[in-house]
Amino acid sequence: MVQPRFVRPTKSSPSSNSGESNSSNLYVANCGPAVGLSHDAIAAVFAAFGKVNGVYAADESGVRIIISFADPCSAKSALEALNGRPCPDLKGRSLHIRYSVLQLPSETQVNDCVPVSLVDSELNIPGLFLLPDFVSVEEEQQLLAAVDARPWIGLAKRRVQHYGYEFCYGTRNVDTKKRLGELPSFVSPILERISLFPNLDNDPSCLDLDQLTVNEYPSGVGLSPHIDTHSAFEDCIFSLSLAGPCIMEFRRYSVSTWKASSADAEKSGDSSCIKKALYLPPRSILLLSGEARHAWNHYIPHHKIDKVKDKVIRRSSRRVSFTLRKVRNHPCRCKYPQYCDSQQQM
Ligand SMILES: O=C(O)CCC(=O)C(=O)O
Ligand SMILES: [Fe+2]
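In this text the structure is predicted, and so the values were computed from the model without any measurement. (Residues numbered from 1 in each chain as written. Chains lettered and ligands numbered in written order. Predicted model: local features only at pLDDT ≥ 70, side-chain atom pairs only at ≥ 80, totals over all residues. Heavy atoms only, no water.)

Visitor: Help me understand the sheet that holds strand β18 (residues 246–252), please; the structure alone is not making it clear to me.
Guide: Hydrogen bonds between backbone groups are what pair the strands of a sheet, and the pairing can be parallel or antiparallel. Within the open sheet, the five strands sit side by side as β9-β19-β18-β21-β16. Their pairing is mixed. The sheet is open, and its two borders are formed by β9 (116–117) and β16 (223–226), each paired with just one other strand. Where β18 lies against strand β21 (residues 297–300), three bridges are found, and the strand directions are antiparallel. Bridging across to β21, Phe250 finds its partner in His298. (Pairing = 2+ DSSP bridges. Helix = DSSP H or I, 4+ residues; strand = E, 2+ residues; numbered from the N terminus.)

Visitor: Can you help me understand the pattern of salt bridges in this one?
Guide: Counted under the stated rule, the structure contains 13 salt bridges. The salt bridge involving Glu80 is made with Lys76; its shortest N-O contact spans 3.0 Å. Placement of the pair is Glu80 and Lys76 together in helix α2 (residues 72–82), with a separation of four residues, close to one helical turn. Look at Lys76 and you get partly exposed, because its relative accessible area is 31%. Of the charged contacts, one joins Glu216 and Arg159 as a salt bridge, the two residues approaching to 2.7 Å between their closest N and O atoms. Of this pair, Glu216 sits in strand β15 (residues 211–218) while Arg159 sits in strand β12 (residues 159–163), placing them 57 residues apart in sequence. In the salt-bridge network here, residues are joined through shared partners; they are Asp148, Arg159, Glu216 and Arg318. (Salt bridge = Lys/Arg side-chain N within 4 Å of Asp/Glu carboxyl O. Buried < 20%, exposed > 50% of the residue type's maximum accessible area, 1.4 Å probe, protein only.)

Visitor: I'm lost on the side chain of Asp228 in this one. Help?
Guide: Looking at the element boundaries, Asp228 is found in the loop between β16 and β17 (237–242). Among the polar contacts listed, one links the side chain of Asp228 to the side chain of His226, at a separation of 2.9 Å. Beyond its immediate stretch of four places on either side in the chain, Asp228 contacts Phe233, Ile237, Arg293, His298 and Arg325. (Polar contact = N/O pair within 3.5 Å; in protein donor to acceptor, adjacent residues only side chain to side chain. Contact = heavy atoms within 4.5 Å.)

Visitor: Is there a simple way to think about the sheet that holds strand β10 (residues 128–131) in this case?
Guide: Sheet architecture is open: seven strands sit in the order β10-β20-β17-β24-β15-β12-β11, paired in antiparallel fashion. At either margin of the open sheet sits one strand with a lone partner, and together these are β10 and β11 (153–154). Contacts between helix α4 (residues 137–148) and the sheet are confined to β12, β15, β17 and β24 (318–325), with β24 contributing the most and set at about 85° to the helix. (Axes fitted to C-alpha atoms, helices over the stretch in contact; angles between N-to-C directions.)

Visitor: Just to check I follow, could you spell out the site of ligand 1 for this structure?
Guide: Around ligand 1 sit 13 residues in total, of which Tyr217, Ser239, His298, Arg319 and Ser321 are the nearest. For ligand 1, an oxygen atom lies 3.1 Å from a polar atom in the side chain of His226. One of the side-chain nitrogen or oxygen atoms of Ser321 is found 2.7 Å away from an oxygen atom of ligand 1. When ligand 1 sits alone it has 300 Å² of accessible area, and the protein chains cover 92% of it. Placement of ligand 1 is best described as lying within the second largest pocket. Among the residues making up the shell around ligand 1, the classes are represented as four nonpolar, six polar and three charged. (Near = heavy atom within 4 Å. Areas by Shrake-Rupley, 256 points an atom, 1.4 Å probe, with all protein chains shown as cover. 1 Å grid on protein atoms, 1.4 Å probe; cavity = no way out; pocket = protein on both sides within 12 Å on 5 of 7 lines; lining within 4 Å. Sits in = over half its atoms within 2 Å of the grid points. Nonpolar A, V, L, I, M, F, W, Y, C, P; charged D, E, K, R; others polar.)

Visitor: Where do I start with the packing of aromatic side chains in this structure?
Guide: Pairs of aromatic rings are described using the distance from one ring centre to the other and the angle between the two planes. Under the definition given, this model contains seven aromatic pairs. With 6.0 Å between their ring centres and 90° between their planes, Tyr163 and Phe186 make a pair best called edge-to-face. Residue Tyr163 is found in strand β12, and its partner Phe186 is found in the loop between β14 (173–179) and α5 (188–194); the two are separated by 23 residues along the sequence. The residues Tyr163 and Phe186 share a single accessibility class, namely buried. The cationic tip of Arg325 hangs over the ring face of Phe167; the distance from NZ or CZ to the ring centre is 5.1 Å. Across from the ring centre of Phe233, 4.1 Å away, lies the NZ or CZ of Arg325, which sits over that ring. (Phe/Tyr/Trp six-rings, centres within 6.5 Å; stacked < 30°, edge-to-face > 60°. Lys NZ or Arg CZ within 6 Å of the ring centre and 35° of its normal.)

Visitor: Whenever I open this one, the pairing of strand β13 (residues 165–168) confuses me. Can you help?
Guide: Along β13, the buried face is formed by Tyr165 and Phe167; none of Glu166 and Cys168, which line the opposite face, is buried. Two strands pair when backbone bridges link them, and β13 and β14 are joined in this way by three bridges, in the antiparallel orientation. Looking at the pairing, Cys168 lines up with Asn173 of β14. With antiparallel pairing between neighbouring strands as the criterion, β13 and β14 make up a hairpin whose turn holds four residues, including Arg172 at a positive phi of roughly 55°.

Visitor: Would you take a moment to explain the state of the cysteines for this structure?
Guide: A covalent bond between the sulfur atoms of two cysteines is referred to as a disulfide. A complete count under the given rule lists zero disulfides for this structure. The structure places no disulfide on Cys87, whose sulfur is separated from the nearest cysteine sulfur, that of Cys31, by 8.3 Å. When its relative accessible area of 5% is taken as the criterion, Cys87 is described as buried. (Disulfide = S-S within 2.5 Å.)

Visitor: Before we go on, may I ask you to explain the layout of surface pockets in this structure?
Guide: Any empty space left between atoms is shown by rolling a water-sized probe over those atoms. Computed from the structure, the second largest pocket encloses a volume of approximately 640 Å³. Forming the walls of the second largest pocket are 33 residues, and the residues nearest its centre are Arg158, Tyr169, Leu223, Ser224 and His226. Mapped by element, the contributors of at least two residues to the lining of the second largest pocket are β15, β16, β17, β20 (285–288), β21 and β24. Here the lining of the second largest pocket is composed, by residue class, of 15 nonpolar, 12 polar and six charged. (Points joined across faces, edges and corners; volume = space filled by probe spheres on them.)

Printed below as a string of structure tokens:
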């Protein structure tokens, strides 16, 4: 059965005010499978107020759901009785309830689930390679201890560290005149192993990696879709995953300029992008080169749980990634001018 697409009401939604009773669908936050409450258990509680047609995930968080009643009076009674109070039959959790709105089909296209592959070859994106078990469990612990002993920079939702050159999020570039110094010695074994990376037919100077960004993502935090600025970094971009897994989604837009984020492309009507997704296990390394690096947006969905094949995989409390790149000192001459800031006519 196709799940009806009800969504969280916005401030301007006609039914968002909890005083209105024109909807039979409720948006309920703070309960769901991610906190051990099955849809059946939730349905049983809400059924006390009238016939429940269905319980659906409101998003991929696992903690926000939609209850669809057969009639609006039942929804109103449930909202009035349960909103903002601890619910003894749902592990004492306080439910945050509002009326939900039905989303139009055109608005639902972009975030539909993309099947997740376990191996790079299944994606068939030239230049994308994933090597599992690139570091051992002991090395992983040592790398995590090394970064945890150094100062983190707090961003809105995650923490970062920069080595070699600072990555500036405002310009999505680096200041090549401001070198911070050599990469720290704790990454030397990784750099050595990268030089033996299979599948590399690039100019070996591409591998003189001199910039490292360490990202720490708490559970549920991801990264917006982007292409690393062509003029900032050379062809090969490596990302080592530590401490926890994630999904990385790849999107190729038919119409795109280097400045436009994928959100811009979607707003302008180019929601017809190709999407593919790959599971990145901890201790694996991903290489983005060639087409994968220059023409595909990469994106980490903001999920607490991911569906991989038939399994539900919970993100761990943190994922730490080491992104290793080589700062570019000359314009990019890639084969993808529509995504390339070096080759745009201003
Ligand atoms: O966390 C990752 O694996 C990717 C990070 C990334 O894409 C970036 O820093 O540009
Ligand atoms: Fe990136």
